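Per-entry structural report
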Amino acid sequence: MSPAPALGACNPDGSLTRMQHLFFAELAGEAERYNDVTATLKTIIRQYGPVLTLDERNLLSVAYKNLTNNLRNSWRIVDTLEKMQSARSPQMTRQLSLIRQQREKIEGELADVCKDIVDLLDKKLINGAKAGEARVFYIKMKGDYYRYLAEFAHKRDRKDYAEKSLNAYKMAYMHALSALDPAHPTRLGLALNFSVFYHDVHQSPDRACHLAKSALDDAVSTFRQDESGACIVTSTTRDSLMILQLLRDDLVLWSSEMLEAEKRQ
């Protein structure tokens with residue numbers, strides 16, 4: 001958290017100013033009170049409109065990411081325990097029932113968080129964003145949270161969430177191709193998450209590899225080099241390089257999986 005700015009007086013009606021709301025949201029983020037962060041940012045949107053500053057947008061993104069990551073991790077643990085209990089002691093129906101109840105409770109909480117941010121994106125943030133990086137960022141977020149919903153949804157809902165995630169990723173990627181440099185961190189982050197969608201949800205490792213390799217090659221070709229041939233690293237380039245490493249790691253892993261699958265056939 002940056003040093004506290006001079007926040008000044010409240011608004012004439014006694015309400016907090018935008019800067020004061022932002023300070024409160026940053027404080028809540030430092031304390032890991034992510035529900036307070038999202039509630040404060042919704043207040044900013046309601047009072048000042050859907051166009052967020054970069055700091056506000058980043059706080060919103062980090063807050064929802066932490067809320068969902070905690071729940072996704074909890075769901076994976078309980079889901080694994082349920083499968084282990086079912087395989088090991090299927091006759092212990094009471095234990096299985098209690099585990100299932102906990103899993104379903106987590107699923108409900110996770111669905112609520114994902115649908116909350118998707119609703120905010122659809123009704124406010126995407127429409128309020130100017131064409132370019134901000135719009136790509138928000139549409140990518142929409143794809144991300146529909147992907148999370150698809151990950152744990154039952155069969156009857158999984159197909160619908162997967163289709164909505166795919167449509168959002170496609171729209172974001174179309175905007176990114178025309179508005180952002182191939183090495184822009186937001187475009188690369190989109191390529192990373194879109195390729196994960198193809199691998200994890202769509203079960204299409206070949207498409208995931210193709211997208212990841214294309215994004216990686218396009219980005220590398222645009223990097224500026226010094227006289228020795230080394231990449232000139234800036235703050236933006238540093239962010240891009242971190243995402244490129246993740247793309248490269250996924251590409252290696254998925255290519256290995258495809259080779260193993262071919263050997264088994």
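Residues numbered from 1 in each chain as written. Predicted model: local features only at pLDDT ≥ 70, side-chain atom pairs only at ≥ 80, totals over all residues. Heavy atoms only, no water.

Topic: a nonpolar patch on the surface
A surface patch of nonpolar side chains, amounting to about 290 Å² of accessible area, comprises I77, L81 and M84. Turning to its location among the elements, I77 is positioned in helix α3 (residues 54–88). For I77, a relative accessible area of 54% puts it in the exposed group. (Patch = residues over 30% accessible without salt bridge, like charges linked within 9 Å, V, L, I, M, F, W, Y side chains within 5 Å. Areas by Shrake-Rupley, 256 points an atom, 1.4 Å probe, with all protein chains shown as cover. Salt bridge = Lys/Arg side-chain N within 4 Å of Asp/Glu carboxyl O. Helix = DSSP H or I, 4+ residues; strand = E, 2+ residues; numbered from the N terminus. Buried < 20%, exposed > 50% of the residue type's maximum accessible area, 1.4 Å probe, protein only.)

Some thoughts on unusual backbone geometry
If you check the backbone angles, E32 has positive phi at about 60° while not being a glycine. Its location among the elements puts E32 in the loop between α1 (18–30) and α2 (34–48). Judged by its relative accessible area of 58%, E32 falls in the exposed class. Unlike most non-glycine residues, Q203 shows phi in positive territory, near 55°. Of note, Q203 is situated in the loop between α7 (185–201) and α8 (205–220).

Observations concerning helix α4 (residues 93–128)
End to end, α4 covers 51 Å across 36 residues, agreeing with the expected 52 Å (1.5 Å per residue, within 8%). For α4, the principal kink sits at L121 and spans about 50°. (Expected span 1.5 Å × (residues − 1). Bend = angle between axes of the 7 residues up to and from the residue.)

Some words on the pattern of salt bridges
Counted under the stated rule, the structure contains 17 salt bridges. As a salt-bridge pair, E133 and R57 come within 2.8 Å of each other at their nearest N and O atoms. Of this pair, E133 sits in helix α5 (residues 133–152) while R57 sits in helix α3, and the two are 76 residues apart along the sequence. Residue R57 is classed as buried on the basis of its relative accessible area of 8%. Here K83 ties to D79 by a salt bridge, and the two come within 3.1 Å at their closest N and O atoms.

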